[in-house]
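Each chain, written out:
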Amino acid sequence: MYQFKNKTQKMVLTAVFAAIIILMANVPFLGYINLGFVSATTIHIPVIIGAVLLGPSSGAFLGFIFGLTSCLKATFQPNLTSFCFSPFSPIGDGNFFSLIICFVPRILIGIVAYYVFAMLMKVLGGKRRMKESVALPIAGIAGSMTNTILVMGGIYIFFGAQYAEAANIAGALYAAIMAVVIGNGIPEAIVCAVLVTLIGKALLHFIAAQE
């Protein structure tokens, strides 16, 4: 949304957000919260904030970094369903579709969040700060739910039988997927909306003041 006149500044900020994502991925219970057969995440929050500040291409790149950390974690610190995110996981039988699930939803987080934010800033009336107060949480929710719905949808389509076996939910796969979407996805989206709004507004105003 903010048009950087200095490309170096944009590259530096993109690198800072990427470093934050990598740090969150490696600090226990910060970026990933292991729940046994699934991990709750907060690591998508800097992807969304970075996308809002830096644009869709940077958002897609940050989403790729998120996906890369997820793939590495599934490979070297696996849980029961890590095969869904890495073909190299020692648990289960991952394949090419593991990479699709791991990367595509995460890349789309930043793209979706940016365009939702940009569209709302364009169509909403009122002062800029008031528009940001509406656009930021909705962009946060949109980005968070993009990740949850596409990841769980991909698992259902590509690894349904294996996932059901790993989670010991034979015959109740759809219900289990929906339980994760609702039980994990909605709280994640709410937390994301709050943090994206608080952090995003502060950063947007700070950057605007530097013009």
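Predicted model only: the values in this text are computed from it and were never measured. (Residues numbered from 1 in each chain as written. Predicted model: local features only at pLDDT ≥ 70, side-chain atom pairs only at ≥ 80, totals over all residues. Heavy atoms only, no water.)

J.: Let's hear about the overall build of the chain: which residues, and what values?
T.: Tallying secondary structure elements over the chain gives six helices and two strands in all. Each helix and strand of the chain, ordered N terminal to C terminal, gives the series α-β-β-α-α-α-α-α. In terms of overall dimensions, the chain is globule-like: its C-alpha atoms have a radius of gyration of 17 Å, near the 17 Å expected for 211 residues. Expressed along its principal axes, the backbone C-alpha trace of the chain runs to roughly 55 × 35 × 25 Å. Counting only residues that meet the buried cut, the chain has 48% of its 211 residues in that class. Restricting the contact set of the chain to residue pairs at least 6 apart, pairs at least 24 apart contribute 67%. Within the structure as shown, the chain displays about 10,300 Å² of accessible surface, and the carbon and sulfur contribution to it stands at 72%. For the chain, the centre of its 11 positive side-chain charges and the centre of its 5 negative side-chain charges are spaced 19 Å apart. (Helix = DSSP H or I, 4+ residues; strand = E, 2+ residues; numbered from the N terminus. Rg over C-alpha atoms; globule rule 2.2 N^0.38 Å. Buried < 20%, exposed > 50% of the residue type's maximum accessible area, 1.4 Å probe, protein only. Contact = heavy atoms within 4.5 Å. Areas by Shrake-Rupley, 256 points an atom, 1.4 Å probe, with all protein chains shown as cover. Lys, Arg positive; Asp, Glu negative; His and termini not counted. Charge placed at Lys NZ, Arg CZ, Asp CG, Glu CD.)

J.: Explain the packing of aromatic side chains to me, using residue names and the numbers behind them.
T.: Counting across every chain of the model gives six aromatic pairs. Aromatic pair Phe83 and Phe159: ring centres 5.8 Å apart, planes at 70°, arrangement edge-to-face. Highlighted residues: Phe83 in the loop between helix H3 (56-76) and helix H4 (96-123) and Phe159 in helix H5 (residues 128-166), separated in sequence by 76 residues. For the pair Phe83 and Phe159, one class covers both residues: buried. An aromatic cluster is built from Phe96, Phe97 and Phe158, whose rings are joined through pairwise contacts. Across from the ring centre of Phe66, 4.4 Å away, lies the NZ or CZ of Arg106, which sits over that ring. (Phe/Tyr/Trp six-rings, centres within 6.5 Å; stacked < 30°, edge-to-face > 60°. Lys NZ or Arg CZ within 6 Å of the ring centre and 35° of its normal.)

J.: I'd like to hear about the nonpolar core, residue by residue, with values.
T.: Counting residues in hydrophobic clusters, the biggest one holds 31 residues, and the most contacted among them are Ile21, Ile43, Leu53, Phe66, Phe117 and Val196. The greatest single-element share of this core, amounting to seven residues, is contributed by helix H2 (residues 44-54). Grouped together as the second largest cluster of nonpolar side chains are 23 residues, Phe85, Cys102, Val151 and Ala167 included. (Core = buried A, V, L, I, M, F, W, Y, C linked by side-chain atoms within 4.5 Å.)

J.: Please give an account of the pattern of salt bridges that cites residues and values.
T.: Tallied over the full model, the rule gives one salt bridge. Of the charged contacts, one joins Glu132 and Arg128 as a salt bridge, the two residues approaching to 3.0 Å between their closest N and O atoms. Of this pair, Glu132 and Arg128 both sit in helix H5, four residues apart, which is roughly one turn of the helix. (Salt bridge = Lys/Arg side-chain N within 4 Å of Asp/Glu carboxyl O.)

J.: Account for the packing of helix H1 (residues 7-26) against H3, naming residues and giving values.
T.: Look at H1 against H3: their axes get within 10 Å of each other, and the N-to-C directions meet at 25°. Looking at the two axes, H1 sits roughly parallel to H3. Crossing geometry of H1 relative to H3 is assigned as right-handed. In this structure, H1 uses Lys10, Thr14, Phe17, Ala18, Ile21, Ile22 and Ala25 to contact H3, whose residues at the interface are Ser57, Ser58, Phe61, Leu62, Ile65, Phe66 and Thr69. Its residues assigned to classes, the contact of H1 with H3 comprises nine nonpolar, four polar and one charged. (Axes fitted to C-alpha atoms, helices over the stretch in contact; angles between N-to-C directions. Parallel < 35°, antiparallel > 145°, perpendicular 65-115°, else oblique. Left-handed = near helix turned anticlockwise from the far one by under 90°. Nonpolar A, V, L, I, M, F, W, Y, C, P; charged D, E, K, R; others polar.)

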